[in-house]
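Residues per chain are reported as follows:
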Protein chains: 2
Amino acid sequence: MLTLQDIANARGRIDKYIQDTPILQSSLLNNWLGHEIFFKAECLQKIGAFKARGACNAISSLIENNQRPKRVIANSSGNHAQAVAWAASQFGIPATIFMPAYSSSVKIQATASYGAKIELCETRNIADEQVRKAAEENGTYWIPPFNNEAVIAGQGTAAYDALHQLDHIDAVFAPCGGGGLLSGTWLSSSHLSPKTKVIGAEPLNANDAAESLRKNSIQRLQKVPDTLADGAMTMAVGDITFEYLKKLDGMHEIEESRMIYWTQWLSHLLKVQVEPTSAISMEAASQWLSSQSGKKRILIILSGGNIDQSNFLKIWQHNRLDEIPS
Amino acid sequence: MLTLQDIANARGRIDKYIQDTPILQSSLLNNWLGHEIFFKAECLQKIGAFKARGACNAISSLIENNQRPKRVIANSSGNHAQAVAWAASQFGIPATIFMPAYSSSVKIQATASYGAKIELCETRNIADEQVRKAAEENGTYWIPPFNNEAVIAGQGTAAYDALHQLDHIDAVFAPCGGGGLLSGTWLSSSHLSPKTKVIGAEPLNANDAAESLRKNSIQRLQKVPDTLADGAMTMAVGDITFEYLKKLDGMHEIEESRMIYWTQWLSHLLKVQVEPTSAISMEAASQWLSSQSGKKRILIILSGGNIDQSNFLKIWQHNRLDEIPS
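Quick notes on the rules
Residues numbered from 1 in each chain as written. Chains lettered and ligands numbered in written order. Predicted model: local features only at pLDDT ≥ 70, side-chain atom pairs only at ≥ 80, totals over all residues. Heavy atoms only, no water. 1 Å grid on protein atoms, 1.4 Å probe; cavity = no way out; pocket = protein on both sides within 12 Å on 5 of 7 lines; lining within 4 Å. Points joined across faces, edges and corners; volume = space filled by probe spheres on them. Nonpolar A, V, L, I, M, F, W, Y, C, P; charged D, E, K, R; others polar. Helix = DSSP H or I, 4+ residues; strand = E, 2+ residues; numbered from the N terminus. Domains from an automatic or database assignment. Buried < 20%, exposed > 50% of the residue type's maximum accessible area, 1.4 Å probe, protein only. Contact = heavy atoms within 4.5 Å. Least-squares fit on C-alpha atoms with pLDDT ≥ 70 in both. Axes fitted to C-alpha atoms, helices over the stretch in contact; angles between N-to-C directions. Parallel < 35°, antiparallel > 145°, perpendicular 65-115°, else oblique. Phe/Tyr/Trp six-rings, centres within 6.5 Å; stacked < 30°, edge-to-face > 60°.

Caption draft 1: Looking closely at empty space enclosed by the protein. In total, this model carries two cavities of 30 Å³ or more according to the counting rule given. Looking at the largest cavity, its volume works out to about 90 Å³. Taken together, the residues of the lining of the largest cavity sort by class into eight nonpolar, five polar and no charged. Here the second largest cavity defines a volume of roughly 40 Å³. As for the second largest cavity, its lining consists of Gln82, Val106, Lys107, Ala110, Asn306, Ile307 and Asp308 of chain A together with His268 of chain B. Among the elements that take part in the lining of the second largest cavity, helix α5 (residues 105–113) of chain A stands out by supplying three residues, more than any other. When the residues that make up the lining of the second largest cavity are grouped by side-chain class, the tally is three nonpolar, three polar and two charged. Counting only domains with at least three residues in the lining of the second largest cavity, you end up with domain 1 (4–49 + 149–315) and domain 2 (51–142) of chain A.

Rendered as structure tokens:
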């Protein structure tokens, strides 16, 4: 397992490149719920998501170890694609991203804007196959989205930064896709603040991690899940991340309607763009808080803020702001 | 006319209460346009808009002059309602807000959440009449939305703060409703950075300020304008603000489609919630930049981030993110 020193080293490596994202609060929300809630706004991170941290640490670790790649590659339809494209551009390394053709045009465009070459593939499986083949080329390094220690250490720097600024945090909440963010969050929290609970949130419609924890072995989704939380649609967690996920204090499975509710409310209260994947952590927090006695101080990692137009319409189809959080 | 000292005094008065909002940048946007653009993110201000500054300065000025009111009142359907309710609560002063019944429920609710008493009035005219009547009561102070020196000085602190952080700014852009923000912005800019142009933006569908400047006398809109920029729907500017508006270096009239275009793009690039009223400044900037030679450094005041559900649907009805800014 990684150590706190690994996270600290990652933090040092990525310092020049990433944003020192703010910690936000809503006094209205705190009053309504009767707790103190801190939001680490990774939606204001480079590329609009925490993924910039992991990709940046992965590449700079290679360079530090005199293994500077000639090219980096990745397969992703989402934030990881942008993160690798952006991180590679920071170090002047060419990047090729294999994206399924169904990826949203705005995400393809954003990835291309960072200077990456885009290979559009008919299906996700073809993208997976092509990236594997490309990875065999000499000097090419494939940056995996979560099941990789350098990536995990990078993602862990978000909680690492926040827990250096905040004390007496009772619980930290983060969403679960492949488990990279939660693994890093658990690492930082268990060392910096051992009494703090670390709790995950997953869409009920994509609950492979919760199922895996129940069965104590990695379970794979049978089909592409139907969820607005596109950052948590991963088909299965990894063998490395699963070992960290076992150490969590809970994994909440969140219904789509609650995800939409909190996406609307967090955008409204915090005035930052919150993607549905981030909003599930708030619902998990709300469920956990209602089972607690006494006033709590909690930290929520707002993982990202990338929303495309069709999802905006789905999020705002009905007004949920007439029901005040309680 | 107010002096720089008035703005500095306002800044000192409101310091304990307001947010020190960040200045945001988008490297993608800067690359695409070939200029350096700084955004003062007043959408992250208390109540989600710069209006908190003016309301807070107005009340604290009264207290400083031993004129602490027993009650403050205001008439507004928008950000000013919330600003007065919030500012009054900071000083423990009861507030009553007269709101037209057609105000959006989320704005009524937000205003009430700050502890204000809400008087819903059938029409805007009735609200105006009732607030005038209420203002006659002993100890009651009516905080006007823009045509007031304490309010103008407060709004001017946004540019005051930004111009203390940034140097060599070629132009500052802000939207025009009643002209309070632009008046304060001109004051700060003309003293702190005399060479900087100060340029306003107004919806073409609510262009009373541009009309007033063309005719050199205050023109009033004939009917409630049809625009998504609900913060710039004011029927006429005030006699105090008009004197400042005459000193501006331009007033751009912005079409609804361009407002929607930049609302989508600024939200997408900056990951903060940008209301259409703020986006018009970016279109004005884009027009101005395309008439300039050489690379410019400009400042845009993002006035606020309060958007209700029905406007979200209007903003995101069609995807504008497939047309990259140039």
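Caption draft 2: Representation of the environment of Pro325 of chain A in the model. Residue and element names in this part refer to chain A. Positionally, Pro325 belongs in the segment after α13 (309–315). Under the relative-accessibility criterion, Pro325 is labelled buried at 3%. Sequence-distant contacts of Pro325, that is, excluding residues within four places in its chain, are made with Leu29, Trp32, Leu33, Tyr261, Trp262 and Trp265.

Caption draft 3: Seen up close, the relation of the copies chain A and chain B. Mapping chain A onto chain B leaves a residual RMSD of 0.0 Å; the transformation is a rotation of 180° accompanied by 0.0 Å of translation along its axis. Within this description, the copies of the chain are treated as partners about a two-fold rotation axis. When each C-alpha of chain A is compared by its distance to the rotation axis, Val272 of chain A comes out closest, at 2.0 Å. When the interface residues of chain A are mapped onto chain B, 100% of them are again interface residues, pointing to one common binding face.

Caption draft 4: Structural view of the environment of Ser77 of chain A. Residues and elements named next belong to chain A. In this fold, Ser77 is placed in the loop between β3 (71–75) and α4 (79–90). Note on Ser77: relative accessible area 22%, which makes it partly exposed. Between the C-alpha atom of Ser77 and that of Gly231, which follows or precedes it by 154 residues, the distance is 9.6 Å. The residues contacting Ser77, other than those within four sequence positions of it, are Met99, Pro100, Ser103, Lys107 and Arg124.

Caption draft 5: Quick peek at the packing of helix α1 (residues 4–14) of chain A against helix α7 (residues 149–165) of chain A. Residues and elements named next belong to chain A. Where α1 contacts α7, the axes come no closer than 8 Å and their chain directions differ by 90°. With respect to α7, the element α1 is oriented roughly perpendicular. On α7, the residues that touch Leu4, Asp6, Ile7, Ala8, Ala10, Arg11 and Ile14 of α1 are Ala153, Gly154, Gly156, Thr157, Tyr160 and Asp161.

Caption draft 6: Local environment of the packing of aromatic side chains. Applying the stated rule across the entire model yields 15 aromatic pairs over all chains. Note on Tyr261 of chain A and Trp265 of chain A: the rings are 6.4 Å apart at their centroids and 45° apart in plane angle, and the pair reads as tilted. Of this pair, Tyr261 of chain A and Trp265 of chain A both sit in helix α11 (residues 256–270), four residues apart, which is roughly one turn of the helix. Here the aromatic rings of Trp186 of chain B and Tyr244 of chain B are separated by 6.0 Å at their centres, their planes lie at 55°, and the arrangement is tilted. Pair noted here: Trp186 of chain B is in helix α8 (residues 180–192) and Tyr244 of chain B is in helix α10 (residues 239–245), with a separation of 58 residues, a long-range link. For the pair shown, Trp186 of chain B and Tyr244 of chain B are each scored as buried.

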